[in-house]
Each structure stands twice: as structure tokens, then as C-alpha cells.
Amino acid sequence: MKILVIGATGYVGSHIAQRMARAGHEVSGIARSASGAARVTGLGAHPVIGDLTDLATLDQAISDSEAVVYAAQLLLEPEHDTLAALVERLAGSGKSLIFTSGTGVVSQKTDGDWSEASFAEDDDFVPSKWLARRVETETLVRSAVDRGVRAMVVRPPMIWGNGGCGLIEAFYASAARTGEVCYLGRGLNLYSNVHVEDLAEVYALAIERGTPGALYHCVSGEVAHRTLAERVAQQLGCPARSVGFEEAVEIWGKFLALIIMSTCSRTRAPRARSELGWTPRHLDMLSDVAHPAYRAA
């Protein structure tokens, strides 16, 4: 199958492109520069020079593909506009479109406390007010089945593996800035998590056997923020400590402090497991803490 990966030079997109290429698909990946093109080639994919800010540059690549995987990162409004334009281009084609969302949409602000709320794919929830536009984008994509698009949404939790977890990076960064590994409040909050290679498997299975209009979670475990922070502190040989929200903003900036450090996002993936037959292989997020990429950064 001819598969176009939008975001192939990024952390998630590169693993998706590599997984699809290993399966024997003819994979193309979007790149904006010569260095990006070289990275795409190294994944076993064909580079396509283009830019999401000018979607017309991708028209030929979209037309040539049987499936489009969106794994790029844009602000919420441009993201919505880009997916709307992709749906327009794919309407009536019967081609597959997979949009990468995130479980931040179900997150609850707990100021570092744990929440018992846990959401499966089709459970009702009140969207985070900061990410309500993304829920609208999810709905836009899923409803594209009514326009002849085999559209699906994958909603990953916290992604880790191969030294690429943003949350672990943030804990290392707090040590660089303060001399201590910091977490907010009691640090009992968490995002459910998944290894990036297990996540890439969800896309491969969705392309093969996914249900048009479906939403898929992909969860392999949970680790509290404080547990992660203490493991990073152990790696660095420094203390771990709690901080309040104001200090968290000073350390990480308002967006990260508000959207990640102060929230709890717990999810389950019964539909992905039963419908796709997905079974994650990497279960211990703590094993990634010692990856040299974090200390190097």
C-alpha cells in the first residue's frame, strides 16, 4: 500500500514511517528541508518536499497515496484547518486517513493529585477547555466517513521510548534549572502511557483492519509524576521535591505547567485491544529514564 506520513521527521511520525516501511508498504514522508529529507530516507521512506502551511505543495503526494497518516504538530486552529483541507482532498476517494490526537482532551486539572476517572474510547467526558478545539477536529475526521473517507482517530496518552518522552525531558530540565527534580503538588497525578513502538503498531493495525469512523486509545501502563521524578533524581544523584503552581510556571512555562504538570489523564484501550488485536510489548516506562538522550539534552 502507498502510505503518506505527514510529520515523518518527528518523534511519533518517524516511528510510524519506519514501522510501515518494515511491513513492506511504499511509504512517503513529508520533509521541509534537505536535512529532513535525509532523515525520511533513513527511515526507509521516500521524502516529499512540502509544507503544511502550503498544503497545495502536497497535493500530488496525497493523490498518489492510498492512506494518509497525520502525525504532525500544529497549534489547534491551524491543525483543524489542515485536517478540514485533507478531508476535502480525500472526499469520495475511499482512502484511509488517520489523525493523531491525544488524551490531553480528557485530562482533569488536579494540581498534582490522583483522579479515579478513567476513560475508554467511546466514554463520555467533558473536554479540557484548553483542548476543546482538538475534540472538534476529532469529530471532523471521524465524520468524514460520511464523505467517502475511511477516516479514524488515534488518541495516544503519554508517549515514551528510545529517549523521546517529553515528560521525562521536563523532569531532567527542572534539575538543570534548579538543581532538584521537581514535580507539582503531591505528584500523584499521571498520564496513562505507551511506548512509541507499540503506538506505531496501532497505526499499522488500523490501516489493515480498523473500522471507519473509529477512535482508538493505546495504553500500556500508568506511572505517577512523583515516581518518575524520583527515578530521574536517582539517575542524577540529586533531590526530588514538590513545587507549587507559580514555581512550576517559572520552571516549565505556563503551558506545560497547566496542561501536563497539574493534570491527570487516565485512559483505557478496550477497542484497540479487541478490535485491532493490539497487545503492547513495552510495559515499563521507568526503564526509559536512564536513556542517555535525556542527560545529553
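Presented here is a report on the structure given in the accompanying data block. Please read all numbers here as calculations on a predicted model, not as lab measurements.

### As for the side chain of Thr103
Next, step 1: As for its position among the elements, Thr103 is in the loop between β5 (96–100) and β6 (108–109).
Next, step 2: Those residues in contact with Thr103 that sit more than four places away from it in its chain are Arg155, Pro156, Pro157, Tyr191, Ser265 and Thr267.

### Some thoughts on the packing of aromatic side chains
Next, step 1: Summed over all chains, the structure comprises 3 aromatic pairs.
Next, step 2: Geometrically, the ring pair formed by Tyr172 and Tyr294 is stacked, given 5.7 Å between the ring centres and 15° between the ring planes. Of the two residues, Tyr172 is situated in helix α6 (residues 166–178) and Tyr294 in helix α12 (residues 292–296); the sequence distance between them amounts to 122 residues.
Next, step 3: Stacked on the ring of Phe245, the Lys or Arg Lys109 has its end atom at 5.4 Å from the ring centre.

### Observations regarding unusual backbone geometry
Next, step 1: Not every positive phi belongs to a glycine, and Asp111 is a case in point at roughly 55°.
Next, step 2: Looking at the secondary structure, you find Asp111 in the loop between β6 and α5 (132–142).
Next, step 3: The class for Asp111 is partly exposed, based on a relative accessible area of 40%.
Next, step 4: Look at Asn162: it is not a glycine, yet its phi comes out positive at around 60°.
Next, step 5: If you trace the backbone, Asn162 turns up in the loop between β8 (158–160) and α6.

### Some details on the sheet that holds β8
Next, step 1: Reading across the sheet, the 3 strands line up as β8-β10-β12 and stay open at both edges, with mixed pairing between neighbours. What marks the edges here is a single partner per strand, and that holds for β8 and β12 (221–222).

### So, the environment of Arg150
Next, step 1: If you trace the backbone, Arg150 turns up in strand β7 (residues 150–155).
Next, step 2: Its relative accessible area of 18% is what places Arg150 among the buried residues.
Next, step 3: Counting along the chain gives 114 residues from Arg150 to Cys264, while the straight-line C-alpha distance between them is 32 Å.
Next, step 4: With residues up to four places along the chain from it excluded, the contact list for Arg150 reads Gly94, Lys95, Ser96, Leu97, Ala206, Ile207, Glu208, Arg209, Gly210 and Pro212.

### Overview of the environment of Asp198
Next, step 1: Looking at the element boundaries, Asp198 is found in helix α7 (residues 196–209).
Next, step 2: Residue class for Asp198 comes out buried when judged on its relative accessible area of 3%.
Next, step 3: Linking Asp198 and Ser242, residues 44 residues apart in sequence, is a C-alpha distance of 32 Å.
Next, step 4: Apart from the residues lying within four places of it in its own chain, the contact partners of Asp198 are Trp278, Pro280, Arg281 and His282.
Next, step 5: At 2.9 Å, the side chain of Asp198 forms a polar contact with the backbone nitrogen of His282.

### Brief notes about the pattern of salt bridges
Next, step 1: Using the criterion set out here, one finds 19 salt bridges in the structure.
Next, step 2: Note that Arg133 and Glu77 form a salt bridge whose closest N and O atoms lie 2.8 Å from each other. Taken together, the residues span a long stretch of sequence, with Arg133 in helix α5 and Glu77 in helix α4 (residues 76–90) at a distance of 56 residues.
Next, step 3: Assessed through its relative accessible area of 25%, Arg133 is described here as partly exposed.
Next, step 4: One salt-bridge network, in which partners are shared between bridges, spans Asp122, Arg142, Arg271 and Glu275.

Conventions and cut-offs
- Residues numbered from 1 in each chain as written.
- Predicted model: local features only at pLDDT ≥ 70, side-chain atom pairs only at ≥ 80, totals over all residues.
- Heavy atoms only, no water.
- Helix = DSSP H or I, 4+ residues; strand = E, 2+ residues; numbered from the N terminus.
- Contact = heavy atoms within 4.5 Å.
- Phe/Tyr/Trp six-rings, centres within 6.5 Å; stacked < 30°, edge-to-face > 60°.
- Lys NZ or Arg CZ within 6 Å of the ring centre and 35° of its normal.
- Buried < 20%, exposed > 50% of the residue type's maximum accessible area, 1.4 Å probe, protein only.
- Pairing = 2+ DSSP bridges.
- Polar contact = N/O pair within 3.5 Å; in protein donor to acceptor, adjacent residues only side chain to side chain.
- Salt bridge = Lys/Arg side-chain N within 4 Å of Asp/Glu carboxyl O.

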